[in-house]
Amino acid sequence: MKNEQALAGRQIFPNLLGFRFWMANTIIYGHLEETKYLRHLFVSLDHVKRTHSIGFYPVLMFFTMSGFLITYQLEVEKYNSGNVNIKKFYRNRIFRIWPLFYLSMFIYWIVLPYSFMGDYYNTIFFKPWPGFEDATMLFEIPKWILFTMSFLLMPHIAYIIELLNVRIWIYGVHHWTIGVEEIFYIFWPLAWRKMERFKSFIIKCFALYYVALAVCAMVFVIYKKVYPTAHFKYFTFLLTYIVLFTHAYCFFIGATAIYMLLHRKDLVQKYITGKLAIVCMVIMFGLMLSGFEFPFFINEIFCTAFAIFMLYLVKDGKKYAILEHPFIVYLGKITYSVYLFHFMAIVVVMYFLERYNVQQHGELVFDLLQYPLTWLLTFGFSALTHEYFEKKILAYR
């Protein structure tokens with residue numbers, strides 16, 4: 001049974017902006033703990049490995065939500081007009097993504113490295129992680145090449161290259177997710193314009209992704225059995241990481257969820273229940289807190305659980321106070337800025353706390369200052385950029 005109201009473009013998706021706010025906070029936590037580790041502040045590598053999943057899985061939620069919302073936009077347009085206005089879609093994405101992205105690139109690549117805290121900043125980025133100082137560098141890659149790749153909307157490729165070359169963070173390391181999203185935004189509307197049958201198209205997308213992984217597996221076998229050199233090993237892992245870093249399954253699972261909402265409303269109403277949503281929440285938070293990550297199928301299970309939970313949040317239009325309070329909704333609206341600028345806030349706050357030797361008073365005192373100040377600076381700066389920069393740019397769309 002089709003959801004005619006949603007297909008007409010009149011569907012309102014409550015709770016999602018509020019959920020974005022809570023997801024953003026877990027990502028801030030994950031990056032803050034990693035930065036503490038790089039600065040040798042209290043935490044161990046084992047701690048970072050255990051807490052990484054708290055920040056990583058919400059990134060997959062954002063990808064899944066993008067697949068859900070962008071596919072909804074494209075499917076509604078095609079259902080009602082028979083076509084997709086590619087130029088309009090790209091224009092909207094460019095105005096939405098590029099201005100803030102390039103502003104953050106300017107901050108991370110130009111301002112902070114050459115500021116009064118430049119020496120401190122450079123102890124975090126372009127330095128091997130503690131425990132990986134003896135890693136062998138296969139290639140000497142100039143920073144300007146990595147900057148150029150990031151500028152050309154391929155920060156994920158730049159990050160992968162240096163991650164595999166020698167375990168380091170590049171400037172604006174978290175921009176890798178923007179690169180992943182941009183690939184999706186470039187190709188998805190083009191594919192959707194050619195798409196004829198929603199269900200079979202999504203199945204083909206999944207099949208193509210897993211065929212690509214199978215090719216990577218075959219290349220790995222060639223490396224192990226035929227050509228076991230250091231450079232071919234690098235090429236093998238680079239190819240595999242590029243495929244894995246697309247996180248294409250997240251977007252496809254999000255698209256599958258919107259297919260169910262639009263074209264199988266009967267199944268959504270019958271099977272997406274409160275009990276199932278609770279089970280999905282247990283799976284999601286269980287994996288986030290477990291410290292367990294595995295790139296094959298576990299991530300798909302997580303994204304599927306989130307997609308089901310998301311369907312439950314939006315299917316009846318019911319609003320939940322923890323997600324729909326006006327303040328939470330506003331903070332959810334600015335999560336793109338929050339994601340881009342939270343690393344700046346983490347490093348700036350940590351610099352001043354260390355400058356005044358707050359770490360000497362112990363981890364509790366340090367965290368009681370680091371976390372609230374990071375949160376205030378992150379959301380304060382993001383709100384300012386949203387009101388006085390982003391809104392003005394978006395007005396020209």
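Small disclaimer: the values here were computed from a predicted structure and weren't measured.

A. Representation of the overall build of the protein chain in the model. In terms of regular secondary structure, the protein chain is built from 18 helices and zero strands. A globule of 397 residues ought to have a C-alpha radius of gyration of about 21 Å, and the protein chain, at 22 Å, matches this closely. Principal-axis analysis of the C-alpha atoms places the extent of the protein chain at approximately 60 × 60 × 45 Å. Here the protein chain holds 397 residues, and the buried ones make up 52% of them.

B. Up close: helix α3 (residues 45-81). Here α3 is 37 residues long and its end C-alpha atoms lie 54 Å apart, about the 54 Å a rise of 1.5 Å per residue gives. At T51, α3 is bent by approximately 35°, the largest bend along its length. Burial within α3 is extensive, with 26 of its 37 residues counted as buried. Immediately beyond the C-terminal end of α3, within one or two residues, lies G82, with a positive phi of roughly 85°.

C. Main features of a nonpolar patch on the surface. A grouping of I183, I186, F187 and L190 is seen on the molecular surface, where their side chains present a nonpolar patch of about 320 Å² in accessible area. Structurally, F187 is set in helix α8 (residues 176-194).

D. Here's a closer look at the confidence of the model for the protein chain. In this model, the protein chain carries a mean pLDDT of 93, and residues with pLDDT of at least 70 account for 98%. Across the protein chain, element-level confidence peaks in helix α17 (residues 335-355) with a mean pLDDT of 98 and bottoms out in helix α1 (residues 4-7) with 74.

E. A look at the environment of W375. Its location among the elements puts W375 in helix α18 (residues 363-394). Along the sequence, W375 and K143 sit 232 residues apart, while their C-alpha atoms lie 30 Å from each other.

F. Main features of the packing of aromatic side chains. Evaluated as defined, the whole model comprises 57 aromatic pairs. Judged by centre distance (5.3 Å) and plane angle (80°), the ring pair of W169 and F343 falls under edge-to-face. Of this pair, W169 sits in the loop between α7 (155-165) and α8 while F343 is found in helix α17, placing the two residues 174 residues apart along the sequence. Residue F343 is classed as buried on the basis of its relative accessible area of 1%.

G. Focus on helix α16 (residues 326-333). For α16, every residue scored as buried is listed here: I328, V329, L331 and G332. The buried residues of α16 occupy an angular sector of 165° when the element is viewed end-on, so they sit on one face. The inward-facing, buried residues of α16 contact α2 (16-38), α15 (321-324), α17 and α18.

H. Region of the structure containing the nonpolar core. One finds F19, L60, F68, F125, W169, W188 and W192 to be the most contacted residues of the largest nonpolar core, which totals 125 residues. Element by element, the count of residues in this core is highest for α3, at 14 residues. Residues in contact with F68, not counting those within four places in the same chain, are F13, L16, G254, A255, A257, I258, L261, M310, L311 and V314. Core analysis: the second largest hydrophobic core is formed by nine residues, A24, I328, L331 and I334 among them.

I. Structural view of the pattern of salt bridges. With the rule as written, the count across this model stands at eight salt bridges. E363 serves as the salt-bridge partner of K36, at 3.3 Å between the closest nitrogen and oxygen. Of the two residues, K36 sits in helix α2 while E363 sits in helix α18, which places them 327 residues apart along the sequence. Overall, the relative accessible area of 0% leaves K36 in the buried class. Look at E363 and you get partly exposed, because its relative accessible area is 32%. Connected via shared salt-bridge partners are E33, K36, E363 and D367.

J. Representation of the environment of L311 within the structure. Along the chain, L311 turns up in helix α14 (residues 298-314). Residue classification places L311 among the buried residues on the basis of a relative accessible area of 4%. Measuring from C-alpha to C-alpha, the distance between L311 and Y396 comes to 33 Å, with 85 residues separating the pair along the chain. Ignoring anything within four residues of it in the chain, the contact list for L311 reads F68, A257, M260, L261 and I272.

What counts and what doesn't
- Residues numbered from 1 in each chain as written.
- Predicted model: local features only at pLDDT ≥ 70, side-chain atom pairs only at ≥ 80, totals over all residues.
- Heavy atoms only, no water.
- Helix = DSSP H or I, 4+ residues; strand = E, 2+ residues; numbered from the N terminus.
- Rg over C-alpha atoms; globule rule 2.2 N^0.38 Å.
- Buried < 20%, exposed > 50% of the residue type's maximum accessible area, 1.4 Å probe, protein only.
- Expected span 1.5 Å × (residues − 1).
- Bend = angle between axes of the 7 residues up to and from the residue.
- Patch = residues over 30% accessible without salt bridge, like charges linked within 9 Å, V, L, I, M, F, W, Y side chains within 5 Å.
- Areas by Shrake-Rupley, 256 points an atom, 1.4 Å probe, with all protein chains shown as cover.
- Salt bridge = Lys/Arg side-chain N within 4 Å of Asp/Glu carboxyl O.
- pLDDT = per-residue confidence, 0-100.
- Phe/Tyr/Trp six-rings, centres within 6.5 Å; stacked < 30°, edge-to-face > 60°.
- Arc of directions from axis to C-beta.
- Contact = heavy atoms within 4.5 Å.
- Core = buried A, V, L, I, M, F, W, Y, C linked by side-chain atoms within 4.5 Å.

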